[in-house]
Amino acid sequence: MTDNPLFEVDFEPVGRRVEVPPGADLLDAARQAGIGLASVCGGEGTCGRCRVVMMSGQVSEPVDADRRFLSQLEINAGHRLACRVKIHSDVKVHVPKASLVTDQRLQIGGLARALTVESAIKACVVEAEPPTLRDLRSDLERVTDAVESAYGLRHVTAEPAVIRQLSPAAREHKWSLTAFLHAREIVGFAAPTRRPVGFAVDLGTTKIAGFLVDLETGADLASGGLMNPQISYGEDVISRLVYAGRGPAAAAEIREVVIEGLNTLIASLCEQAGVDKHEVAEACIVGNTAMHHLLLGLPTRQLSVAPFVAASNAAVDVRARDLGLDIAPGAYVHVPPCVGGFVGADHVAMILACDLDKGDRVAVGVDIGTNTEIALCKPGLAYLTSASCASGPAFEGAHIKDGMRAASGAIEAVRITAAGPQIKTIGDAPAVGICGSGIIDAVAALHGAGLLNHRGRLVPGGPGLRQGPKGMEYPLALAPQTGIDRDVVITQADINEIQLAKGAIQTGLEILLESTNTPPAAVDELIVAGAFGSFLNLDSALDIGLLPRLPRAKYSQVGNAAGVGAKALLLSLKERTRAQKIARRTSYIELTTFPGFQRRFALSMWFPTGDRRVREDA
């Protein structure tokens, strides 16, 4: 050991890491990592803007500046001012969105899709008689009588939470109201001119995408996203399941942070759309099986160990308030069915959005993320076949020396010419790191330039390559042109991480084709879905073997198909029935049980061989 070891600072959910000497200032560490923490006072401890939450590790004790801006309760929970923190060990830090100067780029939307709206929510305009001394019916009775009379219904009900909303709303609007009905149950009230709104969510391991839609017309009202705050408890699903498995308090804690994130998103989208959150009469949330279990508070221990069995795969309709979602008081949340293992409702939503269940062509859908799900359909087969690959967080910049998530200054595209590397950054800002699409581009460019052999080893003596502190590396941007006063590089260790992710996806695709007796030449279409897939350079992905070269296939990138599917399931009862059929008709392959899996995975980490040279074009 050295006398002055370097400590690693892990900033989440930004996904940046930096090594600093003992006693370094946390705000300075953030600057070195290229993270724009708000600091109006320049780090003097007088503005209180650089708030962070210490998740783990040893740091200096709180000082007067911390106490000036933070309550004792916040300090006890780990809240600190970054400019007042000295680092004494490896630490993990949560950076609230409000403390960031710039936002991250999140892929929210996906392919457009025509749909006949058939919502579970019916808006009933009510004109009720006000109470008098001769008419002493209760508020609920006079409103339900009016609904039953006007719409030919019987036995209309409402829960106490909805009745609490009714009495003040009825008098405010002079007994002219819109009642939102779910079957024969009133779930909320609004002014007579208002229409019911729905909230659709793709609850990803890394990112959350949300949509507000008009439940009568299907029109999009607002959309937005945020990083999944559960990242602070682990970048992969197994880490989060293990944390939840510590006990009821831990499970509640990791569940509550995602509910808080969803409520923040709801409030933001409602503000965008100019609607009241109590006009949100229903929600639909899709996610993988782990996200599904953590959200619903289901047991997770059996899901985190082989054979990875879900507590339940069934679709559920649960009260929003029971989850903690702040929408209409009686609203329901629809959570579609999962398939099996870690193939969850988000995969069902992707299949539905891409029409993979129609079976009119041989098609493969690949939803790339921290977990990558793959589905294959063939005409004439009564089922679809799916698999899940643990591709890991490398595509989000994790475990990459200068990796980061897609934010201003992230290198997103790379070419290597005879003159050296050419890069493009998000926002055309000075480079501060490299995001997933840039990492794939860089690896493909190194391989194409002959600087990376088929085993994934950087070739010593190659143009631009150099020996770094921890092995061979290739500088993509030099210190004078970066925003962090040092070079941004890709290292041998970074390439190894991409090999692991690439190997997982390639193995999954090969096994899926082989197990269904599908020759590569028979595939008509390969659909790339997911946030990362939206920005992926397909040529680079094909060059390194991340995606297979299928001789007859049409390749398409469809964006957040799971989010599109979630909207469809929110808007249409018919699509919910279809989702049930998809889940029943989809068989799941556990890749690790396939004969020869380990050898196949090892070989899949190699890169394709072929002509490799430095491209002369500038």
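Just so it is clear, the model here is predicted, and its values are computed rather than measured. Going along each chain's sequence as written, the residues are numbered from 1 onward. Local features are withheld for residues below a pLDDT of 70 in this predicted model, meaning they are given only at 70 or higher, and side-chain atom pairs are given and counted only at 80 or more; totals for whole chains, interfaces and linings count all residues. By convention in this description, side-chain values take in all heavy atoms of the structure and omit both hydrogens and water.

This next bit is on the overall build of the protein. Labels follow the DSSP assignment, with helices taken as runs of H or I lasting at least four residues and strands as runs of E lasting at least two, numbered in each case from the N terminus. When helices and strands are counted, the protein shows 18 helices and 27 strands. For this measure, only C-alpha atoms enter the radius of gyration; the expected value for a globule follows 2.2 Å times N^0.38, where N is the number of residues. Taking 618 residues into account, the globule formula puts the C-alpha radius of gyration at 25 Å, and the protein, at 26 Å, falls close to it. If one aligns the C-alpha atoms of the protein with their principal axes, the spans along those axes are about 95 × 70 × 45 Å. When a residue's accessible area, from a 1.4 Å probe over protein chains only, is under 20% of the maximum for its type it is buried; when over 50% it is exposed; and in between it is partly exposed. Per-residue burial over the protein gives 59% buried out of 618 residues. Whether two residues touch is decided by their heavy atoms; if any such pair falls within 4.5 Å, the residues are in contact. Long-range pairs, those at least 24 residues apart, make up 67% of the contacts in the protein with a sequence separation of at least 6. In short, Shrake-Rupley with a 1.4 Å probe defines the accessible areas, and a residue's cover is counted only from the protein chains shown. Surface accessibility of the protein: about 25100 Å² in total, with carbon and sulfur atoms responsible for 52%. The convention is simple: Lys and Arg are positive, Asp and Glu are negative, and His and the chain ends are not counted. The atoms used to mark charge sites are NZ of Lys, CZ of Arg, CG of Asp and CD of Glu. Side chains of the protein carry 61 positive and 68 negative charges; the gap between the two charge centres is 3 Å.

Turning our eyes to something else, we now look at the nonpolar core. For soluble globular proteins, nonpolar side chains are generally found buried alongside one another. In this structure, F395, V443, L446 and L547 are the most contacted members of the largest nonpolar core, which totals 71 residues. Sorting elements by how many residues they give to this core places helix α13 (residues 492-515) first, with nine residues. Those residues in contact with F395 that sit more than four places away from it in its chain are I368, G369, G436, I440, I498, A501, I505, F532 and L546. Nonpolar core, defined: a set of buried Ala, Val, Leu, Ile, Met, Phe, Trp, Tyr and Cys residues in which side-chain atoms within 4.5 Å join the residues together. Counting residues in each nonpolar core, the second largest holds 43 residues, with I121, V187, A281 and Y332 among its members.

Here we come to the packing of helix α7 (residues 248-273) against helix α8 (residues 289-296). Axis geometry follows a simple rule: fit a line to the C-alpha atoms, using only the stretch in contact for helices, then measure angles between N-to-C directions, giving values from 0 to 180 degrees. Direction vectors running N to C along α7 and α8 enclose 95°, while the axes themselves pass 8 Å from each other. With respect to α8, the element α7 is oriented roughly perpendicular. Mapping the contact onto sequence places I254, R255, V258, I259 and L262 in α7 and L294, L295 and L296 in α8. Residues that form the contact of α7 with α8 fall into these classes: seven nonpolar, no polar and one charged. Working rule for angles: under 35 degrees goes down as roughly parallel, over 145 as roughly antiparallel, 65 to 115 as roughly perpendicular, anything else as oblique. As a working rule, the residues Ala, Val, Leu, Ile, Met, Phe, Trp, Tyr, Cys and Pro are called nonpolar, Asp, Glu, Lys and Arg charged, and the rest polar, with Gly in that last group.

Here we come to the side chain of T385. Among the structural elements, T385 can be located in strand β18 (residues 384-389). Exposure remark for T385: the relative accessible area of 4% places this residue in the buried category. Residue contacts for T385: discarding those within four places in its chain leaves I374, A375, L376, L512, T516, S587 and I589.

Here the focus is the sheet that holds strand β22 (residues 466-468). In this description, strands pair whenever DSSP reports at least two bridges between them. Taken in spatial order, the three strands of this open sheet run β22-β23-β24, and their pairing is antiparallel. On the outer flanks of this sheet lie β22 and β24 (488-491), each paired with one strand and no other. Each strand axis lies, on average, 55° off the axis of its neighbour in the sheet, ignoring direction. The pairing of strand β23 (residues 471-477) with β24 spans four bridges and is classified as antiparallel. For E473, the partnering residue across the bridge sits in β24 and is T491. Contacting β23 and β24, helix α12 (residues 436-448) runs over the sheet at an angle of about 65° to β24.

Our next topic: the confidence of the model for the protein. One number per residue, pLDDT, summarises how confident the predictor is, and it ranges from 0 to 100. Considering every residue of the protein, the mean pLDDT works out to 89; 95% of them sit at 70 or more. By mean pLDDT, helix α14 (residues 531-535) is the weakest element of the protein at 78, and strand β15 (residues 332-335) is the strongest at 98. In this model residues 611-618 is a low-confidence stretch, pLDDT under 50, and it forms 22 contacts with partners more than four residues away in sequence or in other chains.

The next thing to look at is the sheet that holds strand β7 (residues 157-158). Read from one edge to the other, the open sheet built from four strands follows the order β6-β8-β9-β7, with strand pairing classed as mixed. Whereas interior strands pair on both sides, the edge strands pair on one side only; in this sheet they are β6 (121-127) and β7. Pairing between β7 and strand β9 (residues 185-190): two bridges, direction parallel. Paired with A158 across the two strands is I186, which belongs to β9.

Let us now look at the packing of aromatic side chains. Each aromatic ring pair is summarised here by two numbers: the centre-to-centre distance and the angle between the ring planes. Between 30 and 60 degrees the pair is tilted, below 30 it is stacked and above 60 it is edge-to-face, where a pair is any two Phe, Tyr or Trp rings, Trp via its six-membered ring, whose centres lie within 6.5 Å. The full count for this structure, using the stated rule, is three aromatic pairs. Centre to centre, the rings of F308 and F342 are 5.8 Å apart; their planes meet at 50°, and the pair counts as tilted. Highlighted residues: F308 in the loop between α9 (301-304) and β14 (316-319) and F342 in the loop between β15 and α11 (345-353), separated in sequence by 34 residues. Whether a charge sits over a ring depends on NZ of Lys or CZ of Arg being within 6 Å of the ring centre and within 35 degrees of the ring normal. A cation over a ring is seen here: R142 above W175, with NZ or CZ 5.8 Å from the ring centre.

Within the fold, N288 resides in the loop between β13 (280-287) and α8. According to the relative accessible area criterion, N288 is buried, its value standing at 2%. Here a polar contact means two N or O atoms within 3.5 Å. Within protein one must be a hydrogen donor candidate and the other an acceptor candidate, and residues neighboring in sequence count only if both atoms are side-chain atoms. Within the local environment of N288, its side chain forms a polar contact with the backbone nitrogen of M291, the two atoms lying 2.9 Å apart. Aside from chain neighbours lying at most four places away, what touches N288 is L203, T205, V237, F342, G344, D346 and N371.

What follows covers the pattern of salt bridges. Note on definitions: salt bridges are taken to be side-chain nitrogens of Lys or Arg within 4 Å of carboxyl oxygens of Asp or Glu. Here the structure, examined in full by the defined rule, presents 34 salt bridges. Taking the shortest distance from any N to any O, the salt bridge between D355 and R578 comes out at 2.9 Å. Separated by 223 residues along the polypeptide, D355 in the loop between α11 and β16 (363-367) and R578 in helix α17 (residues 573-585) bring together distant segments of the chain. Here E575 makes a salt bridge to R578, at a shortest N to O gap of 3.1 Å. Of the two residues, E575 and R578 are both situated in helix α17; the distance of three residues between them amounts to about one turn of the helix. Connected through salt bridges with shared partners, the residues D355, D357, K358, E575 and R578 form a single ionic network.

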